[in-house]
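Geometric and topological summary
Residues per chain are reported as follows:
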Amino acid sequence: MYKDFGISDKAKALVIKAEESLKEEFKRIDDMCDINSLKVLKAFNNNKISEIHFNSTTGYGYDDVGRDAIERVFAEILGSEDALVRSQFISGSHALCVALFAYLRPGDIMLSITGTPYDTLHEVIGIKENNSSLKSFGVKYSEIDLKDNDFDYEKIKSYISKTKVKLIEIQRSKGYSTRKSITERKLEKVIKFIKDIDKDIIIMVDNCYCEFVGDKSPIEVGADVIVGSLIKNLGGGIAPNGAYIAGKKELVDLAGERLTLPGEGREVGPTLGINKQILQGIFMAPSVVSSSLKTAVLTSKVLEDLGYEVEPKYNEERADIVQNIIFGNEHDLVEYCGGIQGASPVDSFSKPLPWDMPGYDDKVVMAAGAFTQGSSIELSCDGPVREPFIAYQQGSLTYPYGKIAVMKAVSMLLNNDK
């Protein structure tokens, strides 16, 4: 069956050998899954989730008890005062945009302390000119790069001591960059550092790809507000769309009024039959994130054994579900993505090719044969076609499917060597 699926004996042997050496890493992932599963189940029990919460509303969405219960569940799981969880959010980037426009006013200063944010925020902020950007409304922006994969404390202190900053944005996951993602430990340290200088700065964390990788959310280590997508970790591969904003109640309420309209805010927003899928998604999320992490660890080990540079390495501490593979050339990047696509349940017959995508400066090659379009908690692999030709792999609804996909992708690489 493996051969019929295009998996070579050599690729299968390499993956199985690597898997046998990863028992210690897999045990740590399983232990974290147990902790987060208990956290989720406790939130469901405490909020008395019942079949009534699966019901739907239309039109304005007044008095949607399921929507309100979902937001209480998310708030408890994330350790926040409140949460806004809505299908009206198109993506994590949309939720970040809503939050930024909710909190920033003309003349305010926004500071990123993890360097340049993800590509899809460039036009939101005004890094790339757009007449609807924050910059066009008079919001000022500055950024401080990381230093040796950690925060540049000296520059942060110098900047916020001399300048009245309204909001600091921290992007935990690396995005399309070569830096490391930000661990809970580093996040907690820098938040305390900032608050000791100016307690009034709003600290907003882009938490995409990071939920349930550890046992604490950024709120629990001092952040004021966090943002994430439901077609990533917390959707568990079941939620068909949506995102969340969680944190201090007044900040969540402001975001609600920016998402809908002032005066109505969170009181409106029909769920249109999505409640059950969101609840099932977050219920399954600890297990799905565990599968994604195991797939990432396996990928790291196998590709390093093949001589490629990887980040993080299989035995390093992880902050998100993203695995980098540095191919060094366009050909191997495209072929590997082709292998992942070929092992997908949807559109497996398609071959991913570099192409122009809205919001990105470079051509992007993207393998994403997912049940939900753009879902990156389902196994996907993509990367901008630019030096050093890095593949960013993330997700996998189950570990067995992830392992098969790695075998298929490695077979593609080995066939190219012949």
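How each quantity is defined
- Residues numbered from 1 in each chain as written.
- Predicted model: local features only at pLDDT ≥ 70, side-chain atom pairs only at ≥ 80, totals over all residues.
- Heavy atoms only, no water.
- Helix = DSSP H or I, 4+ residues; strand = E, 2+ residues; numbered from the N terminus.
- Contact = heavy atoms within 4.5 Å.
- Areas by Shrake-Rupley, 256 points an atom, 1.4 Å probe, with all protein chains shown as cover.
- Lys, Arg positive; Asp, Glu negative; His and termini not counted.
- Charge placed at Lys NZ, Arg CZ, Asp CG, Glu CD.
- Buried < 20%, exposed > 50% of the residue type's maximum accessible area, 1.4 Å probe, protein only.
- Polar contact = N/O pair within 3.5 Å; in protein donor to acceptor, adjacent residues only side chain to side chain.
- Pairing = 2+ DSSP bridges.
- Axes fitted to C-alpha atoms, helices over the stretch in contact; angles between N-to-C directions.
- Disulfide = S-S within 2.5 Å.
- Core = buried A, V, L, I, M, F, W, Y, C linked by side-chain atoms within 4.5 Å.
- Parallel < 35°, antiparallel > 145°, perpendicular 65-115°, else oblique.
- Left-handed = near helix turned anticlockwise from the far one by under 90°.
- Nonpolar A, V, L, I, M, F, W, Y, C, P; charged D, E, K, R; others polar.

1. Observations regarding the overall build of the protein
Along the protein, the regular secondary structure elements total 11 helices and 12 strands. Seen through its C-alpha atoms, the protein measures out along the principal axes to roughly 65 × 50 × 40 Å. Within the protein, residue pairs in contact and separated by at least 24 positions form 70% of the contacts whose partners lie at least 6 positions apart. Of the roughly 18000 Å² that the protein leaves accessible, carbon and sulfur atoms contribute 53%. Treating the 50 positive side-chain charges of the protein as one cloud and the 61 negative ones as another, the clouds have centres 2 Å apart.

2. Comments concerning the side chain of Glu-71
Structurally, the position occupied by Glu-71 is in helix 3 (residues 65–78). Glu-71 gets classed as buried once you look at its relative accessible area, which sits at 3%. Polar contacts involving the side chain of Glu-71 include one to the main-chain amide nitrogen of Val-85, which spans 2.9 Å. There is a polar contact of 2.7 Å between the side chain of Glu-71 and the side chain of Arg-86.

3. Some details on the sheet that holds strand 7 (residues 243–247)
Read across the open sheet, the seven strands follow the order 1-7-6-5-4-2-3; overall the sheet is mixed. The open sheet has two edge strands, strand 1 (82–86) and strand 3 (140–143), and neither has a second partner. Taken over all neighbouring pairs, the strand axes of this sheet differ in orientation by 20° on average, direction set aside. Bridge count between strand 6 (residues 225–229) and strand 7: five bridges; the pairing is antiparallel. The residue of strand 7 that forms the bridge with Val-225 is Gly-247. Running at roughly 125° to strand 1, helix 3 makes contact with strand 1, strand 6 and strand 7 of the sheet. Packing of helix 7 (residues 184–197) onto the sheet brings it into contact with strand 4 (167–171) and strand 5 (202–206), and relative to strand 5 it is tilted by some 160°.

4. Structural notes on the state of the cysteines
For the structure on display, the rule yields zero disulfides. Residue Cys-208 stays outside any disulfide, its sulfur separated by 8.0 Å from that of Cys-210, the closest cysteine. You can call Cys-208 buried: its relative accessible area is 8%. The thiol of Cys-337 is unpaired, and the distance to the nearest cysteine sulfur, on Cys-381, comes to 3.9 Å.

5. Focus on the nonpolar core
Ranked by size, the top nonpolar core spans 99 residues in total, and within it Phe-74 and Leu-303 carry the most contacts. Broken down by element, this core gets its largest block of residues, 11 residues, from helix 9 (residues 275–305). Excluding residues within four positions of it along the chain, Leu-303 makes contact with Tyr-308, Val-310, Ile-325, Phe-327, Tyr-336, Val-410 and Leu-413. Core analysis: the second largest hydrophobic core is formed by 28 residues, Val-124, Leu-167, Ala-243 and Val-252 among them.

6. Things to note about the environment of Ser-87
By the element assignment, Ser-87 lies in the loop between strand 1 and helix 4 (92–103). Relative accessible area serves as the criterion here: at 16%, Ser-87 is assigned to the buried category. Taking the C-alpha atoms as reference, Ser-87 lies 8.7 Å from Leu-230; in sequence the two are 143 residues apart. If near-sequence neighbours (up to four positions away) are discounted, Ser-87 is found in contact with Asn-241, Gly-242, Pro-270 and Ile-274.

7. Considerations on the packing of helix 1 (residues 9–20) against helix 9
The interhelical angle for the contact between helix 1 and helix 9, taken along N-to-C directions, is 120°, at an axis separation of 9 Å. Between helix 1 and helix 9, the interaxial angle falls into the category oblique. Crossing of helix 1 over helix 9 shows right-handed handedness. Seen from helix 1, the contacting residues are Leu-14, Val-15, Ala-18 and Glu-19; seen from helix 9, they are Leu-298, Lys-301, Val-302 and Asp-305. Tallied by class, the residues present in the contact of helix 1 with helix 9 amount to five nonpolar, no polar and three charged.

In short, geometric facts, not functional conclusions.
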